[in-house]
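# Examination of the molecular architecture
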Amino acid sequence: MTHDHPAASDPGAPRPFGRLLTAMVTPFTPDGSLDLDGAARLAGHLVDEQGNDALVVNGTTGESPTTTDSEKDRLIRAVVEAVGDRAQVVAGVGTNDTRHTIELAVAAEKAGATGLLVVTPYYNKPPQAGLVRHFTAVADAVGLPVMLYDIPHRAGVPIDTETFVRLAEHERIVAVKDAKGDMVASSWVTSRTDLAFYSGEDALTLPALAIGAVGVVGTSTHFTGALTKQMITAYETGDTGTALALHRRLLPLFTGIFRTQGVILVKAGLTVLGLPAGPVRSPLMDATDAETAQLRADFVAAGLELSA
C-alpha cells in the first residue's frame, strides 16, 4: 500500500519491529555445535541490557549459510522461549530457492517467530519480476509480517525502487532492511511507499533517519545497542545535536566491527566480555589476536571498554 505517512520523527510512523534490532550471532560450543543455552542467555542480554526491541536470528550474522534447517528451527524456539514475552523474534528465512525459503518461512512461523527477514536471492541473479514472484510467494505462504533485505553487494542483484513499490502493496510485506547504501534510492522508497525502513548498515543509521527510516538492524549493536537506541530517540525527539554527537562517538565501532566479516569480530568481542559466542564455522575464521586488539582499540575510540 502506498500513501502519505508520518515522518520518522513522528511517533506515529509505523514501526512494526520497533526501533532497534540486532542481527544476533549464533552461539556455538567449543566443538562447533549449537549452544542453545548460550543463545537464550545472549538473547536475554541483548534485550535486557542493550535495549533491543527485536532480534533477528538465522541471519548472515547468525551464520545461516552454515547452519542446518533443524538448527535454525531449534534456535528460533530457544530465543522465543527466552525473550518472546518482551521482544520480537524475526527469523531470517531467505535463500536463493523459493521453495526452500517457503519451507523455512512456514517452519519459522510454527516455531514462534513474530516476523520474517527475507533476503534477495543470491548468486543466481534473478530479474526483478523474479524477485516480485519470490517475495510474494513467501509472504503468501505465512501469516507473519515480512521485512525485505536489500543487500546487492552480497546478493548480486538490487531490489529496484519500482519493485519495492509493487511489493509494498502486499499486506504482509511491511518493512525493508536496507544495506544498499544508496540514499537517493532509499529516499524514493520511503517517499513512495509506507514500508518501514530500517538501516542495514550501522554507520548509516542517522542519515537514514533523515530520509524517513525508523530504525536499524545492527551488528555492532551487540555492544552499542543502548547508545544507538539513544541516538535514534534523540533524533526522533528533535535533539539532532545529541544524535549527531552519538553517531560520531560510535563511528569507530559502527565501522570497526566490519574490518573483517562482522560475525567474526562480534564473537571475538562477546568472548572477551564473557558472553556466549563460541567459534565461527568454516569457511569463516576466528579473529586473530591482532584483530581482537584492534577491536579493543575501536571500543576505546567509541568511549567503551572491551573487558569482562
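Residues numbered from 1 in each chain as written. Predicted model: local features only at pLDDT ≥ 70, side-chain atom pairs only at ≥ 80, totals over all residues. Heavy atoms only, no water.

### Comments concerning the overall build of the protein chain
When helices and strands are counted, the protein chain shows 12 helices and 8 strands. The C-alpha radius of gyration computed for the protein chain amounts to 18 Å, which stays within 12% of the reference 19 Å derived for 308 residues, consistent with globular compactness. Projecting the C-alpha coordinates of the protein chain onto the three principal axes gives extents of approximately 50 × 45 × 35 Å. Counting over 308 residues, the protein chain shows a buried share of 54%. Just so you have it, the protein chain exposes about 12300 Å², and 53% of that area is on carbon and sulfur atoms. In the protein chain, the 24 positive side-chain charges and the 35 negative ones have mean positions that sit 2 Å from each other. (Helix = DSSP H or I, 4+ residues; strand = E, 2+ residues; numbered from the N terminus. Rg over C-alpha atoms; globule rule 2.2 N^0.38 Å. Buried < 20%, exposed > 50% of the residue type's maximum accessible area, 1.4 Å probe, protein only. Areas by Shrake-Rupley, 256 points an atom, 1.4 Å probe, with all protein chains shown as cover. Lys, Arg positive; Asp, Glu negative; His and termini not counted. Charge placed at Lys NZ, Arg CZ, Asp CG, Glu CD.)

### Quick notes on the packing of helix 11 (residues 262-272) against helix 12 (residues 289-301)
Close contact between helix 11 and helix 12 brings their axes to 10 Å; oriented N to C, the two are set at 75 degrees. Considering their axes alone, helix 11 and helix 12 lie roughly perpendicular with respect to each other. Residues Leu-265, Ala-268, Gly-269 and Val-272 of helix 11 lie in contact with helix 12, whose contacting residues are Glu-291, Thr-292, Leu-295 and Arg-296. (Axes fitted to C-alpha atoms, helices over the stretch in contact; angles between N-to-C directions. Parallel < 35°, antiparallel > 145°, perpendicular 65-115°, else oblique. Contact = heavy atoms within 4.5 Å.)

### As for the pairing of strand 5 (residues 146-150)
The buried fraction of strand 5 amounts to 5 of the 5 residues, a majority that puts the element mostly inside the structure. Burial of strand 5 is two-sided: the residues Val-146, Leu-148 and Asp-150 facing one way and the residues Met-147 and Tyr-149 facing the other way are all buried. As paired strands, strand 4 (residues 115-119) and strand 5 are joined by 4 bridges and run parallel to one another. Following the sheet pairing, Val-118 is matched in strand 5 by Leu-148. As for the winding sense of the linkage, the β-α-β connection from strand 4 through helix 4 (residues 128-141) to strand 5 is right-handed. Relative to strand 6 (residues 173-178), strand 5 is paired through 5 bridges, and the arrangement is parallel. The residue of strand 6 that forms the bridge with Leu-148 is Val-176. (Pairing = 2+ DSSP bridges. Right-handed = clockwise from strand over helix to strand, strands pointing away.)

### Comments concerning the side chain of Thr-120
Residue placement: Thr-120 occurs in the loop between strand 4 and helix 4. A distance of 3.0 Å separates a polar atom in the side chain of Thr-120 from the backbone oxygen of Tyr-149. Look past the residues within four positions of Thr-120 in its chain and what remains in contact with it is Leu-131, Phe-135, Tyr-149, Asp-150, Ile-151, Ala-155, Val-157 and Ile-159. (Polar contact = N/O pair within 3.5 Å; in protein donor to acceptor, adjacent residues only side chain to side chain.)

### Focus: the environment of Arg-281
Relative to the helices and strands, Arg-281 is located in the loop between helix 11 and helix 12. Excluding its chain neighbours within four sequence positions, the residues that come into contact with Arg-281 are Phe-28, Gly-32, Ser-33, Leu-34, Glu-63, Thr-66, Thr-67 and Glu-71. Within the local environment of Arg-281, its side chain forms a polar contact with the backbone oxygen of Thr-66, the two atoms lying 2.7 Å apart.

### As for the sheet that holds strand 1 (residues 20-23)
Here we have 8 strands rolled up into a closed barrel, ordered 1-2-3-4-5-6-7-8, and parallel in their pairing. Strand after strand, the sheet turns through a mean of 25 degrees between neighbouring axes, direction not considered.

### Description of the layout of surface pockets
By volume, the largest pocket is sized at about 720 Å³. Looking at the largest pocket, it is lined by 36 residues, and the ones nearest its centre are Thr-60, Thr-61, Tyr-149, Ile-151 and Arg-154. Of all the secondary-structure elements, those providing two or more residues to the lining of the largest pocket are helix 2 (69-83), helix 3 (98-111), strand 4, helix 5 (152-155), strand 8 (215-218) and helix 11. Considering each element in turn, the lining of the largest pocket owes the most residues, 3 residues, to helix 5. (1 Å grid on protein atoms, 1.4 Å probe; cavity = no way out; pocket = protein on both sides within 12 Å on 5 of 7 lines; lining within 4 Å. Points joined across faces, edges and corners; volume = space filled by probe spheres on them.)

### So, helix 4
Compared with an ideal rise of 1.5 Å per residue, which puts 14 residues at 20 Å, helix 4 spans 20 Å between its outermost C-alpha atoms and is within 8% of the ideal. Listing the buried residues of helix 4 in full gives Gln-128, Leu-131, Val-132, His-134, Phe-135, Val-138 and Ala-139. What you see down the axis of helix 4 is that its buried residues fit within an arc of 170 degrees, all on one side. Turned more than 90 degrees away from the buried face of helix 4, the exposed residues are Ala-129 and Arg-133. Looking at the buried positions of helix 4, the neighbouring elements they touch are helix 3, strand 4, strand 5, helix 6 (161-167) and strand 6. (Expected span 1.5 Å × (residues − 1). Arc of directions from axis to C-beta.)

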